[in-house]
Amino acid sequence: MLLGRKKYKELSDEVLMTYVQKGEKQAFDEIYNRYSSKLLYYLYRMLNRDEEKAQDILHDLFIKVVDRPELFDTSKKFSTWIYTIATNLCKNEYRSQNVRSIVTKVDDPEVFGGESERSSSSVDYAIFMQRLEEELSTLSEQHREVFMLRFQGDMSLKEISDVIGCPEGTVKSRLFYTLKKLSTNMSEFKELLKN
Amino acid sequence: MLENNTPEIVFDLAMQGRFKSLSPEQQQMVSNYLSEQEFDNIYLLSSNLNTVFVKDVAGIKPNPQIRAELLSKFPAKQWNFDILKNLFNYKIPVYRFALGAAAAYVALFIITPMFKQSNQIEMAGNNQTVAIQKVESANKLKSIDEIYLNGGTGVSIDESDIFTGASLADDALLKKVLEIRN
């Protein structure tokens, strides 16, 4: 059955994937339009802002969707599935390129609170984003992963726990420590955030 | 004393609102772990991050070639395959095949006698016709003619008749043949 583009826009990700499994190009296009930008951004952040690598992995990720759409269980949530693949591809990339060498562990509570001598002179969005990028690059892979899934992927705690294969309690704990570190190190942006 | 799951509880509370919105018991519990300021900073940051990321996503775009390549790969992989698959895997139910074969068999038995019958009628209409089989060599006129009359046996004709080029259908010749036979 071929549907108009408007119809595809109204369908859920999971229903669209049933059409993709039947070989419908437009259904795949709709899925791609919904997720490509978000996933690229997620990959970009996870790979320490290496845009070229993020584009390559985005390509590999969607090739998997085209080649093996039947691997998706349509009774499950699509976003969880696609982010799980994206996360695994990032982990492979970490292993192959040792990206983690620049990462600092934040599990240890002693890490927090030491670097709060930040300038609060220029409080605007661009600077905030630049600082956020810097802070994210210092997070461990696990902490950055849950942080990005929660705030950029807009996922629930349950979905994140499904993606990373950890209990919800672990997800909450990682998010808490990450937020605590970020809020401490970026406290000069408090006024910006209030607005 | 703080419990092992305190970070999880504080996280849940920080997702709900500012420190002042907490109950006195909750405030007491949080105070053992964080200052009011720290708690509010976590709340502010977390409640703004989704918006911040939505704005930032716009700054980086997927390479258009990725989409083009994926879409071009799609029909070749799926549609052509489906068409071919349907073409070659077209299945006829056994009962239909059996019915078709039976119909062809019956048709063969009806049509074949009809052809035979029409041939017989045609032959009957030409009952008096003399059929000749004449084998000729280009240089030698050693021919063997056979005449069949009303199912009768073959009769030889004089060579002279042949050399004259007379047709066996001629009345005179026919009479001669009948005389010989009688």
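It should be emphasised that the depicted structure is a prediction, and the values quoted were computed from it without experimental measurement. (Residues numbered from 1 in each chain as written. Chains lettered and ligands numbered in written order. Predicted model: local features only at pLDDT ≥ 70, side-chain atom pairs only at ≥ 80, totals over all residues.)

As a further point, take the overall build of chain A. Counting its secondary structure elements, chain A contains 10 helices and zero strands. Ordered by position in the sequence, the α and β elements of chain A form the string α-α-α-α-α-α-α-α-α-α. Across the 195 residues that make up chain A, the buried fraction comes to 41%. Look at the contacts in chain A between residues 6 or more apart in sequence, and 67% of them connect residues 24 or more apart. (Helix = DSSP H or I, 4+ residues; strand = E, 2+ residues; numbered from the N terminus. Buried ≥ 20, exposed ≤ 12 C-beta atoms within 10 Å, placed from the backbone. Contact = placed C-beta atoms within 7 Å.)

Turning next to the overall build of chain B. Assigned secondary structure in chain B consists of seven helices and two strands. Counted from the first residue to the last, chain B has its helices and strands arranged as α-α-α-α-α-β-β-α-α. Nonlocal contacts in chain B, meaning residues at least 24 apart in sequence, comprise 35% of its contacts between residues at least 6 apart.

Let us now look at the confidence of the model for chain B. Residue and element names in this part refer to chain B. When the pLDDT values of chain B are averaged, the result is 71; 54% of them are 70 or greater. Between the elements of chain B, mean pLDDT differs from a low of 49, seen in strand S2 (residues 145-148), to a high of 90, seen in helix H2 (residues 24-31). A low-confidence stretch, residues 140-145 stays under pLDDT 50, and its non-local contacts, those more than four residues away or across chains, total 11 contacts. For residues 147-155, every residue scores under 50 in pLDDT, and the model assigns this stretch 17 contacts once sequence neighbours within four places are set aside. (pLDDT = per-residue confidence, 0-100.)

Glancing now at unusual backbone geometry. All names here are of chain A. One non-glycine residue, Arg49, lies in the positive phi region at around 65°. Assignment of secondary structure puts Arg49 in the loop between helix H3 (25-46) and helix H4 (51-67). Judged by local crowding, Arg49 falls into the partly exposed class, with 13 C-beta atoms found within 10 Å. In this model, Asp154 sits at a positive phi of 55°, which is unusual for a non-glycine residue. For Asp154, the location among the structural elements is in the loop between helix H7 (141-151) and helix H8 (157-164).

Let us now look at the interface of chain A and chain B. Across the contact, 36 residues belong to chain A and 33 residues belong to chain B. Elements represented by at least two residues in the side of chain A that touches chain B include exactly H3, H4, helix H9 (168-185) and helix H10 (190-194) of chain A. With 11 residues, H9(A) is the single largest residue contributor to the side of chain A that touches chain B. Per-class residue counts for the side of chain A that touches chain B are 16 nonpolar, 11 polar and nine charged. (Nonpolar A, V, L, I, M, F, W, Y, C, P; charged D, E, K, R; others polar.)

Right, let's get into the packing of H3(A) against H7(A). All names here are of chain A. In the contact formed by H3 and H7, the axes pass within 10 Å of each other and the chain directions differ by 155°. In terms of orientation, H3 lies roughly antiparallel with respect to H7. Taken as a pair, H3 and H7 cross one another with a handedness that is right-handed. In this structure, H3 contributes Tyr42, Arg45 and Met46 to the contact, and H7 contributes Arg144, Glu145 and Met148. Here the residues of the contact of H3 with H7 are counted per class, giving three nonpolar, no polar and three charged. (Axes fitted to C-alpha atoms, helices over the stretch in contact; angles between N-to-C directions. Parallel < 35°, antiparallel > 145°, perpendicular 65-115°, else oblique. Left-handed = near helix turned anticlockwise from the far one by under 90°.)

Attention shifts here to the nonpolar core. Residues and elements named next belong to chain A. By size, the foremost hydrophobic cluster in this structure holds 64 residues, and its most contacted members are Ile31, Leu39, Leu43, Leu58 and Ala86. For this core, the element with the most residues is H3, which contributes 12 residues. Once residues within four sequence positions are removed from consideration, Leu39 is found in contact with Leu58, Leu61, Ile82 and Ala86. (Core = buried A, V, L, I, M, F, W, Y, C linked by C-beta atoms within 7 Å.)

It is worth spelling out H3(A) at this point. All names here are of chain A. The end-to-end C-alpha distance of H3, which contains 22 residues, comes to 29 Å, matching closely the 32 Å that a straight helix rising 1.5 Å per residue would cover. Where H3 bends most, the angle comes to about 40°, and this point is Tyr35. Of all 22 residues in H3, 16 are buried, a share of seventy percent or more. At the C-terminal side of H3, Asn48 shows a positive phi close to 55°. (Expected span 1.5 Å × (residues − 1). Bend = angle between axes of the 7 residues up to and from the residue.)

All names here are of chain A. Along H8, six of the eight residues are buried, which leaves the element largely enclosed by surrounding structure. Those residues of H8 not exposed but buried are Leu157, Glu159, Ile160, Ser161, Asp162 and Val163. Just beyond H8, the residue with positive phi is Gly165, at close to 70°.

Here we take up the environment of A:Lys91. Residue position: A:Lys91 is located in helix H5 (residues 78-97). Each C-alpha atom, one on A:Lys91 and one on A:Met46, is 9.3 Å from the other, the two residues being 45 residues apart in sequence.

Our next topic: the confidence of the model for chain A. Per-residue confidence for chain A averages 81 on the pLDDT scale, and 80% of its residues sit at or above 70. Contacts for the low-pLDDT stretch residues 99-123 of chain A, under 50 throughout, to residues beyond four places or in other chains number 41 contacts.

With that settled, consider the packing of helix H2 (residues 13-21) of chain A against H3(A). All names here are of chain A. With their axes 8 Å apart at the nearest point, H2 and H3 run at an angle of 140° to one another. On the basis of the axis angle, H2 is oblique to H3. Here H2 runs over H3; the crossing is left-handed. For the pair H2 and H3, contact is made by Asp13, Leu16, Met17, Tyr19 and Val20 and by Ala27, Phe28, Glu30, Ile31 and Arg34, respectively. The residue makeup of the contact of H2 with H3, split by class, is seven nonpolar, no polar and three charged.

Turning our attention to the environment of A:Leu175. Residue and element names in this part refer to chain A. Tracing the sequence through the fold places Leu175 in helix H9. Residue classification places Leu175 among the buried positions, given that 25 C-beta atoms sit within 10 Å. Once the C-alpha coordinates of Leu175 and Met148 are considered, the two residues, 27 residues apart in sequence, prove to be 9.8 Å apart.

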